[in-house]
Amino acid sequence: MSDSKGEFEPKIVVYACNWCTYAATDLAGTSRMSYPPNVRIIRVMCSGRVDPQFVLQAFADGADGVIVAGCHPPADCHYIEGNYKAYRRFELFRKLLETMGIEQERFRLEWISAAEASRWVQVVNEMVAQLKKLGPLKPNLEVRE
Amino acid sequence: MTEEPRIGVYVCHCGFNIAGTVDVKKVAEFAKTLPNVVVAKDYVFMCSEPGQDLIKADIKAHNLNRVVVSACSPSLHEITFRTAVSEAGLNKYLLEMANIREHCSWVHHDKEKATEKAKEIVRMAVAKARHLEPLEELEVKAEPSALVLGGGVAGMRAALELANYGFNVYLVEKAPTIGGKAALIGYIDPKTKGPDVVSKMFDRIKDCPRIQVLTNAELIQLSGFAGNYNAKIRINPRYVNEKCTLCGECEEVCPIEVSNEYNFGLNKRKAIFLPFSNAYPPYYAIDYRVCVKCGECEKVCRFGAINLKEEPKTIELKVGSVIIATGYDPYRPFKGEYGYGLHQNIITLFQLERLLDPESPTKGELIIGGKVPKSIAFIQCVGSRNTTPGAKEYCSRMCCTTAINSAIKIKEKYPDTNVYILYKDIMTYGSDETLYEEAGKKLVQFIKFEDKIPKVSITPEGLFIDVFEYTIQENIRIPVDAIVLSIGMLPPRDIEELIAVTRVSCGGEGFVREAHLKLAPVEAPTKGIFLAGCITGPKNILESIRMGSAAAAKAMSLLSKGKITIEPMIAQVNEEKCSGCAICVGVCPYSAISIKKVNGDRIAYVEKALCMGCGTCNAACPSGAMQHLGFKDIQLLAQTRAVFGGEMNV
Ligand code: SF4
Ligand code: SF4
């Protein structure tokens, strides 16, 4: 995606846990913080709900980056240990991405608590800057429907 | 659902909150072009009566079977709009929110970019809505009982309300007595002290058979769900039983001395002690953390009230709800913060308050460092409002009133003592403002400082405070005999354990966060768990009591029917697809899944009441058999594809 001036504007899909990160994204709004409009947030109840299949679909459809975000380990998870399940799943997945020619930097697993609106803003800023450096993703993967 | 989706999209202006940054008309026009959207409108306040009526009318007029409200966060008004659509005869889970306020208009400034983003957010919501299904709430039996954690004023008030209504209540307190900090200090109004309020509550609790008080006790495990919680409580040994007559002989012989937390460290107490004269339950207690089991007290007790062999025990309780009212800790000034810890005449407001209590080591006399001070200064906002590096941002609400109240008391009893109050701003809420006026009349001297905080010097000539007086714009030096640091409130030290056991979450200031400040102010995000008192942030005694009543009322309304409904967004197995691999069984944090034999086949089975709806099993299932209702694969994939304009077929 590029904006009207032709500058590359990366698109980032975010899967955010309802209890921590989604609440932080709301708090960033109610606190009138400001960040670039490159993120699209999809609410899930727990980071443990996020299936790598979604992430692959996002990349296949044109995402330049994907963030999966949940509650801080060890004890913040609303469902005891969903965050650990996400962690295990996506650490493995990260390696897989490389083999598909997707730079590891395009995927982030983040822990952002309900209070950490400024952390959320920081993550978005960092990721946008990083992706601008990397440029658009040209995936060489096919996802079957 | 086989029926073709017919979607209505409603774009809210939220006054200027959204419409100021997002071109709502364009968003609504765009929505009309999306698949299955039958009608799209914008309106100034969707959550208002007329806004909701608009949706209801359209559902009937256009035969809508899905609704997308493009407005604020679902955490704010999802319930509102679910109710609205269900009033129009639609299943309430056929609603989807597009968050274009918190996620868009409030965080972006470029109108064009924000409008483009809002369109995509709506497209994502519509994509998910196309795949929504009607869901039915489940009903489970609920116990009309409650576990109240914390025996301070908030917890006691909650317990009394619940008991009056016929609930059985377990009042669990970590300390050997209930009462909390209000049993020691504080005022409700100039004539009513915290300890008076507490002792009245004790009288009621003593007479109430439905309230079981468990002291020296803590919650160590909580499982189950709203209406059906299982609580494991550890009861630490008190070693003293109800045969105790309060004669106090044991105290004489006990060799162990520790700082007395019930006098905020003003004096020492023994390992066997009575926290305060009307402590409840009214027996001595041995501090199990410091007792060395020498047996001296046991020997001297003539009533056989002491048993040093007592062991900790664990009990299990079944309760319908939990009220968390575990209070706060006083701010702990660091050594040297305004001279704290470096001079015996520099004390905290909590210590001063206790000193003025008739039960104090000085019997209520203002004796600091051996004599009545000729001049005494209060420094406000210690630990609050960013005055020092360790200080919190917030105001602790009670310190101004308490300091002023104490200053008046001092002036009344010791008219010759000079009293100074050094403050940033005076926050005497409501009728407490009259106290401020009265203090002025009594010649309490108010000295205002701004960002430059007062400096305390400890010299051979005595204590001095140097301060830049803001109103007269001059540096002044005040010689004083004693200094009182008006400390604020902190989250309780053991809040981490509380979070680990109850799974509540904390806000930015470290206190427990309500499910929603406006819509669910005494509820934790987990259904069946309620919050009262200072655990959610600083409050005065009256506010804590009110919150105790409110939390109890909420618990009662949840459980009064003997059954409660649970959200239907739980896991569901497609038996055809399930291979019986049992991967889901291992990942479920609540042991909600088991493998059953159905016609000879191994099939996963979800115990609905146990499933909390995290969806982890859905992500783990290799066959796509397990689906998280409301967040099914197809729904989330549709939402993902819609970011880029792609679709999933219905
Ligand atoms: S969604 Fe699945 S893993 Fe989560 S609680 Fe329910 S059955 Fe267990
Ligand atoms: S993981 Fe999926 S296939 Fe395996 S038992 Fe559970 S529901 Fe069935």
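See the structure above.
Residues numbered from 1 in each chain as written. Chains lettered and ligands numbered in written order. Predicted model: local features only at pLDDT ≥ 70, side-chain atom pairs only at ≥ 80, totals over all residues. Heavy atoms only, no water.

(A) Layout of the packing of aromatic side chains. Applying the stated criterion across every chain yields a total of 15 aromatic pairs over all chains. Ring geometry for Tyr423(B) and Phe446(B): centres 6.1 Å apart, planes at 75°, overall edge-to-face. Taken as a pair, Tyr423(B) in strand 22 (residues 418–423) and Phe446(B) in strand 23 (residues 445–448) lie far apart in primary sequence, 23 residues in all. Look at Tyr423(B) and you get buried, because its relative accessible area is 11%. Judged by centre distance (4.9 Å) and plane angle (85°), the rings of Tyr436(B) and Phe446(B) are edge-to-face. Here Phe446(B) lies in strand 23 and Tyr436(B) lies in helix 13 (residues 433–441), a separation of ten residues in the sequence. For Tyr436(B), a relative accessible area of 26% corresponds to the partly exposed category. The ring of Trp106(B) has Arg32(A) lying over it, and the distance from NZ or CZ to the ring centre is 3.7 Å. Positioned above the aromatic ring of Tyr328(B) is the side chain of Lys181(B), whose terminal nitrogen or guanidinium carbon lies 4.6 Å from the ring centre. (Phe/Tyr/Trp six-rings, centres within 6.5 Å; stacked < 30°, edge-to-face > 60°. Helix = DSSP H or I, 4+ residues; strand = E, 2+ residues; numbered from the N terminus. Buried < 20%, exposed > 50% of the residue type's maximum accessible area, 1.4 Å probe, protein only. Lys NZ or Arg CZ within 6 Å of the ring centre and 35° of its normal.)

(B) View of the pattern of salt bridges. Residue and element names in this part refer to chain B. Summed over all chains, the structure comprises 51 salt bridges over all chains. Put simply, arginine 269 and aspartate 287 hold a salt bridge, and the shortest N to O gap is 2.8 Å. Separated by 18 residues along the polypeptide, arginine 269 in strand 14 (residues 268–270) and aspartate 287 in the loop between strand 16 (285–286) and helix 10 (296–300) bring together distant segments of the chain. Among the residues examined, arginine 269 registers a relative accessible area of 6% and is labelled buried. Through salt bridges with shared partners, one network takes in Lys174, Glu218, Arg234, Asp494 and Glu497. (Salt bridge = Lys/Arg side-chain N within 4 Å of Asp/Glu carboxyl O.)

(C) Quick peek at the site of ligand 1. Near ligand 1 the following residues occur: Ala571(B), Cys588(B), Pro589(B), Tyr590(B), Ile593(B), Cys611(B), Met612(B), Gly613(B), Cys614(B), Gly615(B) and Cys617(B). In terms of residue class, the shell around ligand 1 is made up of nine nonpolar, two polar and no charged. (Near = heavy atom within 4 Å. Nonpolar A, V, L, I, M, F, W, Y, C, P; charged D, E, K, R; others polar.)

(D) The arrangement of the site of ligand 2 in detail. In the neighbourhood of ligand 2, the contacting residues comprise Cys578(B), Ser579(B), Gly580(B), Cys581(B), Ala582(B), Cys584(B), Ile595(B), Ala604(B), Cys621(B), Pro622(B), Ser623(B) and Met626(B). Its residues assigned to classes, the shell around ligand 2 comprises nine nonpolar, three polar and no charged.

(E) Local environment of the nonpolar core. All names here are of chain B. Among the nonpolar cores identified, the biggest contains 151 residues, and Leu147, Leu162, Phe378 and Met626 are the most heavily contacted of them. Per-element accounting of this core gives the leading share, nine residues, to helix 15 (residues 541–559). The contacts of leucine 162, once residues within four sequence positions are left out, are Ala146, Val148, Phe167, Val169, Ile323, Ala552, Ala555 and Met556. Formed by 46 residues, the second largest nonpolar core is a distinct cluster that contains Leu64, Val68, Ile121 and Ala129. (Core = buried A, V, L, I, M, F, W, Y, C linked by side-chain atoms within 4.5 Å. Contact = heavy atoms within 4.5 Å.)

(F) Examining the sheet that holds strand 23 of chain B more closely. Residues and elements named next belong to chain B. Sheet architecture is open: five strands sit in the order 20-27-21-22-23, paired in parallel fashion. Looking at strand neighbours, the two that pair on one side only are strand 20 (346–348) and strand 23, the edges of this open sheet. Recorded for the sheet is a direction-independent mean angle of 25° between the axes of neighbouring strands. Of the strand pairs in this sheet, strand 21 (residues 375–382) and strand 27 (residues 482–487) are connected by five bridges, and their pairing is parallel. Note that in strand 27 the partner of isoleucine 376 across the bridge is alanine 482. (Pairing = 2+ DSSP bridges. Axes fitted to C-alpha atoms, helices over the stretch in contact; angles between N-to-C directions.)

(G) Examining empty space enclosed by the protein more closely. The full count for this structure, using the stated rule, is eight cavities of 30 Å³ or more. Considered as a void within the structure, the largest cavity measures approximately 220 Å³ in volume. Taken together, 19 residues make up the lining of the largest cavity; nearest its centre are Tyr22(A), Ile41(A), Met97(B), Asn99(B) and Gln639(B). Only strand 2 (39–44) of chain A together with strand 4 (95–99) and helix 6 (111–130) of chain B provide two or more residues apiece to the lining of the largest cavity. (1 Å grid on protein atoms, 1.4 Å probe; cavity = no way out; pocket = protein on both sides within 12 Å on 5 of 7 lines; lining within 4 Å. Points joined across faces, edges and corners; volume = space filled by probe spheres on them.)

(H) Representation of the interface of chain A and chain B in the model. At the interface, 50 residues of chain A touch 47 residues of chain B. Roughly 4,300 Å² is buried in total at the junction of chain A and chain B, and carbon and sulfur atoms are behind 58% of that figure. Connecting chain A to chain B are five salt bridges. The closest approach of N and O atoms between Glu78(B) and Arg43(A), which form a salt bridge, is 3.4 Å. At the boundary of chain A and chain B, one finds 18 residue pairs in polar contact (both at pLDDT 80 or more). For the side of chain A that touches chain B, the element with the most residues is helix 1 (residues 21–30) of chain A, which contributes seven residues. By residue class, the composition of the side of chain A that touches chain B is 26 nonpolar, ten polar and 14 charged. (Buried area = accessible area lost by both parts, 1.4 Å probe. Polar contact = N/O pair within 3.5 Å; in protein donor to acceptor, adjacent residues only side chain to side chain.)

(I) Up close: the side chain of Asp357(B). Mapped onto the elements, Asp357(B) comes out in the loop between helix 11 (349–355) and strand 21. In this structure Asp357(B) touches Leu184(B), Lys193(B), Pro195(B), Lys363(B) and Gly364(B), once residues within four positions along its chain are discounted.

(J) Molecular detail of the state of the cysteines. Applying the stated criterion across every chain yields a total of one disulfide over all chains. Two residues, Cys20(A) and Cys71(A), share a disulfide whose sulfurs are 2.2 Å apart. Classification of the bridge connecting Cys20(A) and Cys71(A) rests on its S-S torsion, roughly 105°, and on that basis the disulfide is right-handed. Linking Cys20(A) in the loop between strand 1 (12–17) and helix 1 with Cys71(A) in the loop between strand 3 (65–70) and helix 3 (82–99), this pair joins segments that are 51 residues apart in sequence. Across the pair, Cys71(A) and Cys20(A) agree in class, each one buried. With no disulfide of its own, Cys297(B) lies closest to Cys294(B) among cysteine sulfurs, the gap being 6.1 Å. The exposure class of Cys297(B) is buried, given its relative accessible area of 9%. (Disulfide = S-S within 2.5 Å.)

(K) Structural context of the packing of helix 3 (residues 49–61) of chain B against helix 4 (residues 74–87) of chain B. Residues and elements named next belong to chain B. Following both chains from N to C, one finds helix 3 and helix 4 inclined at 35°, their axes separated by 9 Å at the closest point. Judged by the twist between their axes, the crossing of helix 3 over helix 4 is right-handed. Residues Gln52, Ile55, Lys56 and Ile59 of helix 3 form the contact with helix 4, whose own contacting residues are Thr80, Phe81, Ala84, Val85 and Glu87. In terms of residue class, the contact of helix 3 with helix 4 is built from five nonpolar, two polar and two charged. (Left-handed = near helix turned anticlockwise from the far one by under 90°.)

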